[in-house]
Structures are given as C-alpha cells and as structure tokens.
Amino acid sequence: MTDEDAVDAVVSAWHRERPDLDLTAIGVAGRMGRLALVLGPAQERVFGKFGLQRGEFDVLAALRRSGAPYTLIPSELSTTLMLSRAGMTSRLDRLEKAGFVERTLDPDDRRSFRVRLTDKGFEAVDAAMTEHTANVSELLSGLSGKELGLLDDVLRKLLRGLDPQE
C-alpha cells in the first residue's frame, strides 16, 4: 500500500515537466484545497439538518458565543464574520424570517438596531453546534490528539502570516 495521494500525482507530473521548481508548497496548498472540498460539504450537511446554511450558522454562533443577552449590532457581526454589511443584511433577513433572530431599535442609537438570538435560534444553534462538533471530530479522527495539536499550531502560524486580521 502506498502513502501517495492524488496531489502527489499532480506534483510528480509537474516535477517531471519542471524539475527546476520546488513544488513542496504546491503539494501543501493542493491538499488544503482538497480538504476544503471534503470538509465543506460534510459540514453543510449538518447545518442543513437544522435548516441553516453555513453563513447563517456562523451568525447564530457569533450571537450565541457573545454570551447573554446574545445580542450584537450588525457592524459587530459583520466585523466578526468578515462579511460586508449588505451580505450581513441578507443573512439577517433570512434568519429573522425563520424566527432565529429578532431585530430591535438600539435604545442608545436610534439610527441603528440590535440583533438578538431568539429562543428558537438558541435551541437551533446549540443543537447544530453539538452535532457539528461531533461531525468534525469524526472527520479528523484519523489524526491522534498530538497530531491535531501540531496541525492546529501550524495552521495558526500560517494564518497569522497570511491574514492581517489574525
């Protein structure tokens, strides 16, 4: 049995054609891309069970982890989720229509409003988070605890170097 994967085949072909290039980073980036293609849909299936898309789950999760009273202003949500205000408005409209959040005028600034997690939203995000955690743990169960910790450390370092918000 070989440890080679589909990315190794791509890197090998490029190495044959362009032996002058160091393709190590190409292999790593290729595997990260393939992981995103595998992990994304597996996570979306869990969110879908709760009537949510990934972005909607992210909004509910941001509200839930903000702590009681589970209320934020839209600009805080936009910043937290790195989303445009227009994109946030669209998500909030869908979540409000579904009864997961409610918007009320901000008593401190009547030009703005607050977004609050409803009881229905609280129950949905808690149930989704429980299943999401179990799902991701299962998806990554091929790694030992030590390997998960090392991967987490390496990815954190990489993100700090690439993302100015980190």
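Description of the structure in this document.

About the thresholds
Residues numbered from 1 in each chain as written. Predicted model: local features only at pLDDT ≥ 70, side-chain atom pairs only at ≥ 80, totals over all residues. Heavy atoms only, no water. Helix = DSSP H or I, 4+ residues; strand = E, 2+ residues; numbered from the N terminus. Rg over C-alpha atoms; globule rule 2.2 N^0.38 Å. Buried < 20%, exposed > 50% of the residue type's maximum accessible area, 1.4 Å probe, protein only. Contact = heavy atoms within 4.5 Å. Areas by Shrake-Rupley, 256 points an atom, 1.4 Å probe, with all protein chains shown as cover. Lys, Arg positive; Asp, Glu negative; His and termini not counted. Charge placed at Lys NZ, Arg CZ, Asp CG, Glu CD. Salt bridge = Lys/Arg side-chain N within 4 Å of Asp/Glu carboxyl O.

## Focus: the overall build of the protein chain
Along the backbone of the protein chain there are seven helices and three strands. Helices and strands in the protein chain line up, N terminus first, as α-α-α-β-α-α-β-β-α-α. For 166 residues, the compact-globule estimate of 2.2 N^0.38 gives 15 Å, and the C-alpha radius of gyration of the protein chain, at 20 Å, exceeds that figure by more than 25%. Across its three principal directions, the C-alpha atoms of the protein chain cover 65 × 30 × 25 Å. Looking at the 166 residues of the protein chain, the share that counts as buried comes to 23%. For the protein chain, the share of sequence-separated contacts (at least 6 apart) that also reach a separation of at least 24 residues comes to 47%. For the protein chain, the computed accessible surface area is about 11300 Å², with 57% contributed by carbon and sulfur atoms. Here the protein chain holds 23 positive side-chain charges and 27 negative ones, and the gap between their average locations is 4 Å.

## What to know about the pattern of salt bridges
This structure, assessed with the given rule, holds 13 salt bridges. Between R156 and D152 there is a salt bridge whose closest N-O contact spans 2.9 Å. Pair noted here: R156 and D152 are both in helix α7 (residues 145-162), with a separation of four residues, about one helical turn. For R156, a relative accessible area of 33% corresponds to the partly exposed category. Given the relative accessible area of 42%, D152 is considered partly exposed. With a closest N to O distance of 3.0 Å, R156 and D153 form a salt bridge. With R156 and D153 both in helix α7 and three residues apart, this pair spans about one turn of that helix. A single salt-bridge network, built from bridges that share partners, covers D5, D8 and R31.

Treat this as a map of the structure, not an account of what it does.
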